[in-house]
Amino acid sequence: MDNKPIIALDFSTKQEVRKFLEQFPSESLNLKIGMELFYQQGPEMLYELKTQGHDLFLDIKLHDIPTTVRKAMKGLASLGVDMVNLHAAGGRKMMEAAKEGLTAGTPAGQNSPILLAVTQLTSTTEQMIQEEQRLACSLEESVLHYAELAKASGADGVVCSVLEAEKIKKTIAPTFYRVTPGIRLAKDDTNDQHRVADPKTARISGASHIVVGRTITQSTVPFKTYQTVLKEWKGE
Ligand code: C5P
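Just so it is clear, the model here is predicted, and its values are computed rather than measured.

S.K.: How should I be thinking about the nonpolar core in this particular structure?
M.R.: Proteins that are soluble and globular tend to have nonpolar side chains buried together. Of all hydrophobic cores here, the largest spans 62 residues; its most connected members are Leu49, Leu58, Met73, Leu76, Leu86 and Ile168. In terms of residues, this core owes the most to one element, helix α6 (residues 139-152), which gives seven residues. Sequence-distant contacts of Met73, that is, excluding residues within four places in its chain, are made with Leu62, Val84, Asn85, Leu86, Ala98, Gly101, Leu102 and Leu115. With ten residues, the next largest nonpolar core counts Ile6, Ile114, Val159 and Val211 among its residues.

The structure is reproduced here in structure tokens:
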């Protein structure tokens, strides 16, 4: 997957997806299919988007015992997605099992999907880390720890906020993916996200990829907004 912004297709029907994509010229896009769309439209939606030439990030954040995750990832690898993810909180054995499953399920001659580990959600706050997760460390320390664990477990990168991207790039490796959601243009509502940044800040703060949802999907002019995001992200 190249480093164009990844558009989060947070819709529940095929019709909404088709109507949205009709507003874009027919070129290859990076698209993220999350729980809302995948749980309702399933693999058929993936095949349709793949046939149109798009690169796909299946964002369904697996978190279960290692055997279940291995078998689930084996099945997902056969669907032709380019990127998948899980929660780093599931631990080293679960992440290693995921990698094994992806390798086992990838059809001969194809590349295995990129495996990303979610560190802490961009909707998570410092207060939630202390009061709800009861961690004995800060949010940033937790994200960096999960990034190191993910690397040691064979993941190809992490999902993190822009605020932690630079440190992960420096302490782990520039080739380790830092995929950052919570992206907003300056004038936008942050909605339920807390650790947000604009595309330019994401670029100069070490993100390798940005995920953009409502800023584009709720725009009255989605393609124009996508181009604005793309320009800021590329620094043009
Ligand atoms: O609309 P918005 O740009 O906030 O959408 C962000 C997308 O990224 C959503 O699909 C959400 O599920 C996803 N995501 C996130 N934070 C993470 C991982 C994924 O917001 N840590």
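S.K.: Explanation requested: the pattern of salt bridges in the structure shown.
M.R.: Tallied over the full model, the rule gives 15 salt bridges. In this structure, the salt-bridge partner of Asp188 is Lys187, at a minimum N-O distance of 3.3 Å. Using a relative accessible area of 22% as the deciding quantity, one classes Asp188 as partly exposed. Residues joined by salt bridges that share partners form a network here, namely Lys32, Asp59 and Lys61.

S.K.: Help me understand the sheet that holds strand β5 (residues 114-118), please; the structure alone is not making it clear to me.
M.R.: The strand order β1-β2-β3-β4-β5-β6-β7-β8 describes a closed barrel built from eight strands, whose pairing is parallel. Put simply, the sheet's adjacent strands are angled 25° from each other on average, direction ignored. Two elements, strand β1 (residues 6-8) and strand β8 (residues 209-212), share two bridges in a ladder whose sense is parallel. Across the sheet, the residue bridging to Ile7 is Val212, located in β8.

Thresholds applied
Residues numbered from 1 in each chain as written. Predicted model: local features only at pLDDT ≥ 70, side-chain atom pairs only at ≥ 80, totals over all residues. Heavy atoms only, no water. Core = buried A, V, L, I, M, F, W, Y, C linked by side-chain atoms within 4.5 Å. Buried < 20%, exposed > 50% of the residue type's maximum accessible area, 1.4 Å probe, protein only. Helix = DSSP H or I, 4+ residues; strand = E, 2+ residues; numbered from the N terminus. Contact = heavy atoms within 4.5 Å. Salt bridge = Lys/Arg side-chain N within 4 Å of Asp/Glu carboxyl O. Pairing = 2+ DSSP bridges. Axes fitted to C-alpha atoms, helices over the stretch in contact; angles between N-to-C directions.

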